[in-house]
Amino acid sequence: MARDAYVNGRYVPHAQAAVHVEDRGFQFADGVYEVVCIRNGRLIDEDGHLDRLDRCLGELRIAWPCERRVMRLIMRRLIGRNGVRNGLIYLQVTRGTAARDFRFPAAARPTLVMTTRRAALAANARAGVRVITIPDIRWKRCDLKTVGLLAQVLGKQEAAERGAFEAWQVDEDGFVTEGTSSNAWILTADGALVTRPASHDILNGITRQSILRIAAAEGVRFEERPFDLDEAYAAREAFVSSATSFVTPVVRIDDRAVGDGTPGALGRRLLEAYVAHAEGAGAS
Ligand code: PMP
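In this text the structure is predicted, and so the values were computed from the model without any measurement.

S.K.: Would you take a moment to explain the sheet that holds strand β4 (residues 42-43) for this structure?
M.R.: What the six strands build is an open sheet, ordered β2-β1-β6-β5-β3-β4; its pairing is antiparallel. The sheet is open, and its two borders are formed by β2 (10-13) and β4, each paired with just one other strand. Note: strand β3 (residues 31-39) against β4, two bridges, orientation antiparallel. Residue pairing in the sheet places arginine 39 in a bridge with arginine 42 of β4. Against the sheet, helix α3 (residues 68-82) touches β1 (4-7), β2, β3, β4, β5 (87-94) and β6 (111-118), its axis set at about 35° to β6.

S.K.: Before we go on, may I ask you to explain the pairing of β6 in this structure?
M.R.: In regular strands, side chains alternate between the two faces of the sheet. Judged by how many residues are buried, β6 sits mostly within the fold: six of eight residues are covered. With two bridges connecting them, β1 and β6 associate as antiparallel partners. Counted as the bridge partner of valine 7 is valine 113 from β6. Where β5 lies against β6, eight bridges are found, and the strand directions are antiparallel. Counterpart to glycine 87 in the pairing with β6 is arginine 118.

S.K.: What is the right way to read the environment of arginine 42 from this model?
M.R.: Within the secondary structure, arginine 42 is located in strand β4. Spatially, the C-alpha atoms of arginine 42 and isoleucine 79 are 9.2 Å apart, while their sequence positions differ by 37 residues. Non-local contacts of arginine 42, meaning those with residues more than four positions away in its chain, are made with Cys37, Glu279, Ala283 and Ser284.

S.K.: Mind showing me how you'd approach the packing of aromatic side chains here?
M.R.: We describe a pair of aromatic rings using the distance from one ring centre to the other and the angle between the two ring planes. Under the definition given, this model contains four aromatic pairs. An angle of 70° between the planes, with centres 5.3 Å apart, marks the rings of tyrosine 6 and tyrosine 11 as edge-to-face. We classify tyrosine 6 as buried; its relative accessible area is 9%. Judged by its relative accessible area of 22%, tyrosine 11 is partly exposed. Between lysine 156 and the ring centre of phenylalanine 165, over which it is positioned, the NZ or CZ distance is 5.8 Å.

Cut-offs and rules
- Residues numbered from 1 in each chain as written.
- Predicted model: local features only at pLDDT ≥ 70, side-chain atom pairs only at ≥ 80, totals over all residues.
- Heavy atoms only, no water.
- Pairing = 2+ DSSP bridges.
- Helix = DSSP H or I, 4+ residues; strand = E, 2+ residues; numbered from the N terminus.
- Contact = heavy atoms within 4.5 Å.
- Axes fitted to C-alpha atoms, helices over the stretch in contact; angles between N-to-C directions.
- Buried < 20%, exposed > 50% of the residue type's maximum accessible area, 1.4 Å probe, protein only.
- Phe/Tyr/Trp six-rings, centres within 6.5 Å; stacked < 30°, edge-to-face > 60°.
- Lys NZ or Arg CZ within 6 Å of the ring centre and 35° of its normal.

Shown next as structure tokens:
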């Protein structure tokens, strides 16, 4: 089966896919991206991802590289060409290629790149994962899903070197913001599902939004508010959420077991409900 990438209007073999050295994504991380999960050949929460892309492009004053309708077509065509049943599609849009200058170029066309990857989704959802905690060293617009991911690269590498799946970033006041590529959740000792509210401090995960809707529909008591490390260490359960990890239980935070150190009942319930959503109303 071919593995093609889509680059500015063309489908090209993945190994030869390239953008120009003066692409502003490469020079300045002047671009945004999205990752959408493919399950049984269908996209999960595609509209939510395209809405977030629209918002990020708007905030950064980057034009859409094509109509939204066309974007959806290209995604499907690439998934079809590559024969991906389960995996991910990455969309990247940069401000385009222009002679190096911090100011916006007068006449650059946005670059659009798409790639797919086969992947087992939510691979750790049954066993659970470990997280470490690190200072949040990112900029002040974490709500924008930009390709500037250096802090996340360093955090994820540190997690890997310390035997963990993810690093929870902690703000200057001691509150958890989010993981390097996932949102952070706890079930408090007194039974409330807690996650940080959407603001400039976190990326408002599309999976996060789906889980909040599921929690509301299922009558789970939840609170959108910051939580600190003491509260996290004392939690009954903890999870991470993202398009790739769905709802994955956290069984250890730093050197402390969460609850009894195994995935808990609420995590299991939310995962099942999310999978049902991914195979039902959330699929397109
Ligand atoms: N926070 C950050 C920093 C992320 O990179 C991601 C992954 N895109 C998420 C949260 C989860 O977002 P989503 O549920 O849309 O994948």
